[in-house]
Amino acid sequence: MARAVELPSDYPPPGMELRLIRRFVDPTGKRFLEIGSGDGRLTREYARLAKEVVAIEQDRAGVAIAREDFAVEGITNVVFRTGSAERVRMGGGAFDIALYSWSL
């Protein structure tokens, strides 16, 4: 079971960021590139709708948490990569949506 995480008080309520994404694009069936995925908090919001997500994060501890939580939750369409976006190999062709997590 995923860990119950208490979010900082300045974080938006669950679902709000997905609503913001949907203002601009329907994430259903899309291939995402997410830069700055952290522990996967935002990734989780849209991953179940997406075809595939490549999530990049420099913080190895955050990626480890996300990988563990996503495995427990059965989210299998997300590939987490550690490192900088300039150096991470992504493969798989073009992305439909590129998302810089900190921009929401």
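Here, the structure is the one placed above.
(A) Just the pairing of strand S2 (residues 52-57), in detail. Along S2, five of the six residues are buried, which leaves the element largely enclosed by surrounding structure. The pairing of strand S1 (residues 31-35) with S2 spans five bridges and is parallel. Bridged to Leu33 within S2 is Val54. Between the parallel pair S1 and S2, the chain is carried across by helix H2 (residues 41-47), and the sense of this crossover is right-handed. Examined bridge by bridge, S2 and strand S3 (residues 78-82) share five bridges and lie parallel to one another. When the bridges of S3 are listed, Val53 appears paired with Val78. With respect to chirality, the unit in which S2 leads through helix H3 (residues 60-73) into the neighbouring parallel S3 is right-handed.

(B) Summary view of the packing of aromatic side chains. Inspection of every chain in the model, using the stated rule, returns two aromatic pairs. Where Phe70 meets Phe80, the ring centres are 5.1 Å apart and the plane angle is 80 degrees; that geometry is what we call edge-to-face. With Phe70 in helix H3 and Phe80 in strand S3, this residue pair connects regions lying 10 residues apart in the sequence.

(C) Fine view of the side chain of Glu34. With respect to the helices and strands, the residue Glu34 is situated in strand S1. Here Glu34 is buried and forms no salt bridge, its nearest opposite-charge partner Arg41 lying at an N-O distance of 7.8 Å. At a separation of 2.6 Å, a polar atom in the side chain of Glu34 contacts the side chain of Thr43. A distance of 2.6 Å separates a polar atom in the side chain of Glu34 from a polar atom in the side chain of Tyr46. If we skip the residues at most four places from it in the chain, Glu34 touches Leu42, Thr43, Tyr46, Val54, Ala55, Ile56, Leu99 and Ser101.

About the cut-offs
Residues numbered from 1 in each chain as written. Predicted model: local features only at pLDDT ≥ 70, side-chain atom pairs only at ≥ 80, totals over all residues. Heavy atoms only, no water. Buried < 20%, exposed > 50% of the residue type's maximum accessible area, 1.4 Å probe, protein only. Helix = DSSP H or I, 4+ residues; strand = E, 2+ residues; numbered from the N terminus. Pairing = 2+ DSSP bridges. Right-handed = clockwise from strand over helix to strand, strands pointing away. Phe/Tyr/Trp six-rings, centres within 6.5 Å; stacked < 30°, edge-to-face > 60°. Lys, Arg positive; Asp, Glu negative; His and termini not counted. Salt bridge = Lys/Arg side-chain N within 4 Å of Asp/Glu carboxyl O. Polar contact = N/O pair within 3.5 Å; in protein donor to acceptor, adjacent residues only side chain to side chain. Contact = heavy atoms within 4.5 Å.

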